[in-house]
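One letter stands for each residue in the lines below.
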Amino acid sequence: MAILLALVLIIAISLNVLQHFLLPANRSLPPVVFHWMPVIGSVISYGRDPVNFFLQCREKYGDIFTIILLGRRMTVALGPAGNRFILGGKSTIFNAEDAYKHLTTPVFGKDVVYDVPNHVFMEQKKFLKFGLTGENLRVYVGMIEDEVHQYLQTDQAFLSLKTLSSDEYGSFDVLKVLEEITILTAARTLQGREVRDNLDKTFSTIYKDLDGGFTPLNFLFPNLPLESYRRRDRAQKKMSQFFINIIQKRRTSSSHGENDMISSLLGQKYRDGRALRNHEIANMMIGLLMAGQHTSASTGAWALLHVAYNRNVADSLYEEQLEFFCTKGGVFRSMTYEELKKLPLLNAVITETLRLHPPIHSIMRYIREDVLVPSSLNDIFTVPRGHYALASPAVSQMDPHIWKSPQTWDPYRWIDSDFVSSSFSGLKKGTESVFQPFGSGQHRCIGEQFAYVQLGTIIATIIREVELRRDNGVPRPNYQTMITCPREPRSIFYRRRTHQ
Ligand code: HEM
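These numbers come from a predicted model, not from an experiment.

What counts as what
Residues numbered from 1 in each chain as written. Predicted model: local features only at pLDDT ≥ 70, side-chain atom pairs only at ≥ 80, totals over all residues. Heavy atoms only, no water. Helix = DSSP H or I, 4+ residues; strand = E, 2+ residues; numbered from the N terminus. Contact = heavy atoms within 4.5 Å. Lys, Arg positive; Asp, Glu negative; His and termini not counted. Charge placed at Lys NZ, Arg CZ, Asp CG, Glu CD. Core = buried A, V, L, I, M, F, W, Y, C linked by side-chain atoms within 4.5 Å. Buried < 20%, exposed > 50% of the residue type's maximum accessible area, 1.4 Å probe, protein only. Near = heavy atom within 4 Å. Polar contact = N/O pair within 3.5 Å; in protein donor to acceptor, adjacent residues only side chain to side chain. Nonpolar A, V, L, I, M, F, W, Y, C, P; charged D, E, K, R; others polar. Pairing = 2+ DSSP bridges. Axes fitted to C-alpha atoms, helices over the stretch in contact; angles between N-to-C directions. UniProt positions renumbered as here; feature names shortened; annotations may be inferred. Phe/Tyr/Trp six-rings, centres within 6.5 Å; stacked < 30°, edge-to-face > 60°. Lys NZ or Arg CZ within 6 Å of the ring centre and 35° of its normal. Parallel < 35°, antiparallel > 145°, perpendicular 65-115°, else oblique. Patch = residues over 30% accessible without salt bridge, like charges linked within 9 Å, V, L, I, M, F, W, Y side chains within 5 Å. Areas by Shrake-Rupley, 256 points an atom, 1.4 Å probe, with all protein chains shown as cover. Salt bridge = Lys/Arg side-chain N within 4 Å of Asp/Glu carboxyl O. Left-handed = near helix turned anticlockwise from the far one by under 90°.

Right, let's talk about the overall build of the protein for a bit. Scanning the protein from terminus to terminus reveals 22 helices and twelve strands. Principal-axis analysis of the C-alpha atoms gives the protein an extent of 80 × 55 × 55 Å. At a minimum sequence separation of 6, the contacts of the protein that also span at least 24 residues come to 73%. Counting 57 positive and 49 negative side-chain charges, the protein places the averaged centre of each group 5 Å from the other.

Structure (structure tokens):
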């Protein structure tokens, strides 16, 4: 049996190689990246390090090429023109629902996001934007400060803060801590009081099971007979019901004064005058939770790893806090939203982290109609219906033709570099930008401002209370998760600040 299998494999590989090199390529289609194994294609090189894989493919094939991933044909378009081609494309051709629905509907639930036609989701996105007003963000800063402060007082990882002398160090796993702080702060602010009150009880177990259904495996195989898939389905029902109960209570209660997303969604109506149904609000809340959790947690973790390793930046961040917020009595006062937005180094730390570690390395669309590649990219090729299109803004963010020392984490490039002041300001917006960690075009992220407020407040509060240190560099990225995270070991040493 083993011999037969080996024989079949050898024949399949040989046929694939012969076909690649001997059969004339269809010159109207983007070149297919060479791969040994039919069907499996480039899945190993892509899965190991997509950004470097794309950079290598670009050397050989140019800015547009097709890779095979488990039988799917993915046409990758790189650089500003590639991003514009895919992310600026019409949703009737470059379709997000067809690319993501099989992954997201079992997790978010029915009738929201990619489970509805694009124009309905765009209305839902508008409703969500209404909940992310400056007025709400202003209230959130104090809430986030309070949550982080409490966490540092009570969490197991920081218990030694009370017992260690001022020159002894404790340590914590930065991703674990950031995952916990991110959900605590999102619950306290956007998700609302009821979610925050239940975080230690029902909510966290359901959340864990649901999150277990949001992995690359689920993307590749939407339905496998595995326990994790069954847990995902049970968790989706429970989570949706959990939110529906909150919504029903809120609808009948007289107090509507909350600054959270449910409050905002309860007041919205579709263009045809229909109010949002309970399960739509519930499932939008789940979508919001999943969209903001790992993206913010991993960005925060990367930022703290770099800060801890670059002691001069850590010291300057602390000095920035002292300069702006230390009172005459020698204690820190709360930041306001307006002040937070203006802190040069803190914001540069977040921006530079998003440049070097964008949480989402591949943005996909399904091609619904044959589409001619524009002349800015290459006007010979057609991307046929049935292909997936893949944009990777991460590649432009690390392109050595664009950035000086692209692999170096240097927040000061956003403060005093010629590049930023001369050419960058013109490129910052739009689908052709060389910096788009939040995507661009119709599907651009709505959570950017919230993420900056959340991350800025978390980092500032931690920096105020503890001194961070890491001696052995910054870990390599793990691309095996949906969101690019730092690999283990990712511990950071901390010690109590003795004075302000
Ligand atoms: C550092 C944090 C974050 C990063 C880097 C990030 C990144 C992204 C990216 C790249 C997209 C585009 C996806 C695509 O085009 O297919 C996106 C879309 C989106 N994000 Fe974020 N995100 C972050 C935080 C958040 C937060 C906190 C929320 C919610 C409060 C959120 C909600 C959304 C929503 C609703 C979309 C729209 C999806 C669509 O239109 O298809 N994100 N995000």
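This next bit is on the nonpolar core. In this structure, F54, I67, F85, F203, F243 and L468 are the most contacted members of the largest nonpolar core, which totals 147 residues. Sort the elements by how many residues they give to this core and helix α15 (residues 278-309) lands first, with 16 residues. The residues contacting I67, other than those within four sequence positions of it, are V33, S42, Y46, F53, F54, R72, R73, M74 and V76.

Okay, the site of the ligand next. In the vicinity of the ligand, 26 residues are found, and the nearest of them are Y114, K125, R365, H443 and C445. Residue K125 places a side-chain N or O atom 2.8 Å away from an oxygen atom belonging to the ligand. At 2.7 Å from an oxygen atom of the ligand is found a side-chain nitrogen or oxygen belonging to R365. Contributing elements (two or more residues each) for the shell around the ligand: α6 (118-130), α15, β5 (363-367) and α22 (448-465). Examining the composition of the shell around the ligand, we find that six residues originate from one element, α15, more than from any other. Split into classes, the residues belonging to the shell around the ligand amount to 16 nonpolar, seven polar and three charged.

This part is about the sheet that holds strand β4 (residues 170-173). Spatially, three strands are ordered β4-β12-β9 in an open sheet, and the strand pairing comes out antiparallel. If you trace the sheet from one side to the other, it starts and ends with β4 and β9 (466-469), each paired once. For this sheet the average axis-to-axis angle between neighbouring strands, irrespective of direction, equals 35 degrees.

As annotated by UniProt and renumbered to match this structure, "binding site: heme" (unreviewed entry) occupies C445. Tracing the backbone through its elements, the reader meets C445 in the loop between α21 (418-427) and α22.

We now examine the packing of aromatic side chains. Using the criterion set out here, one finds 24 aromatic pairs in the structure. For the pair Y366 and Y388, a centre-to-centre distance of 5.3 Å together with 80 degrees between the ring planes defines the contact as edge-to-face. Placement of Y366 in strand β5 and of Y388 in strand β8 (residues 388-391) is noted, with a sequence separation of 22 residues between them. Residues W403 and W414 carry aromatic rings whose centres are separated by 5.8 Å and whose planes lie at 50 degrees to one another, so their mutual orientation is tilted. Separated by eleven residues along the polypeptide, W403 in the loop between α19 (393-397) and α20 (413-416) and W414 in helix α20 bring together distant segments of the chain. Residue class for W403 comes out buried when judged on its relative accessible area of 3%. Following the ring pairs from residue to residue traces out a cluster consisting of Y46, F53, F54, Y61 and F65. A cation sits over an aromatic face here: R355 above W403, 5.2 Å from the ring centre. In this arrangement the basic side chain of R469 is found over the ring face of F493, its NZ or CZ atom lying 5.9 Å from the centre.

With that settled, the discussion passes to the packing of helix α11 (residues 199-211) against α15. Look at α11 against α15: their axes get within 12 Å of each other, and the N-to-C directions meet at 75 degrees. Overall, the two elements α11 and α15 adopt an arrangement that is roughly perpendicular. Residues F203, Y207, L210 and D211 of α11 form the contact with α15, whose own contacting residues are I286, L289, M290, Q293 and H294. Its residues assigned to classes, the contact of α11 with α15 shows six nonpolar, two polar and one charged.

A separate point is helix α9 (residues 174-191). Taken across its 18 residues, α9 has 15 buried, putting it largely inside the fold. For α9, the N-terminal cap is D173; the gap from its side-chain oxygen to the backbone nitrogen of L175 is 3.0 Å. G192 sits one or two positions beyond α9 and adopts a positive phi of about 105 degrees.

What follows covers the side chain of Q191. Following the sequence through the fold, Q191 ends up in helix α9. Separated by 3.4 Å, the side chain of Q191 and the backbone oxygen of M285 make a polar contact. Beyond its immediate stretch of four places on either side in the chain, Q191 contacts A186, F243, D260, I262, M285, L288 and L289.

Here the focus is a nonpolar patch on the surface. A contiguous nonpolar surface patch, about 480 Å² in accessible area, is contributed by M1, L4, L5 and V8. Within the secondary structure, V8 is located in helix α1 (residues 2-22).

What follows deals with the pattern of salt bridges. Counted according to the given criterion, the structure contains 30 salt bridges. Between E467 and R311 there is a salt bridge; the shortest N-O distance is 3.9 Å. Of this pair, E467 sits in strand β9 while R311 sits in helix α16 (residues 311-325); the two residues are 156 residues apart in sequence, bridging distant segments of the chain. With a closest N to O distance of 2.7 Å, R333 and E339 form a salt bridge. Given a relative accessible area of 24%, E339 falls into the partly exposed group. Each member of the salt-bridge network shares a partner with another, and the members are R193, E194, R250, E258 and D260.

What follows is about the sheet that holds strand β1 (residues 64-69). Across the sheet, which stays open at both edges, the five strands sit in the order β1-β2-β8-β5-β3 with mixed pairing between neighbours. Two strands lie at the open edges of the sheet, namely β1 and β3 (94-95), each paired on one side alone. Of the pairings in the sheet, the one linking β1 to strand β2 (residues 72-77) comprises six bridges and is antiparallel in character. Pairing of I68 across the sheet is with R73, part of β2. Against the sheet, helix α3 (residues 50-61) engages β1, β2 and β8, with an angle of about 130 degrees to β1. Its contacts with the sheet place helix α4 (residues 79-87) against β1, β2, β3, β5 and β8, and it is angled at close to 130 degrees to β2.

Taken N-terminus to C-terminus, the directions of helix α7 (residues 134-154) and α22 make an angle of 40 degrees; their axes are 9 Å apart at the nearest point. Taken together, the axes of α7 and α22 are oblique relative to one another. As for the relative orientation of α7 and α22, their crossing is right-handed in sense. The residues of α22 that touch α7, namely those facing L137, Y140, V141, I144, E145, V148, H149, L152 and Q153, are Q449, F450, V453, Q454, T457, I458, T461, I462, R464 and E465.

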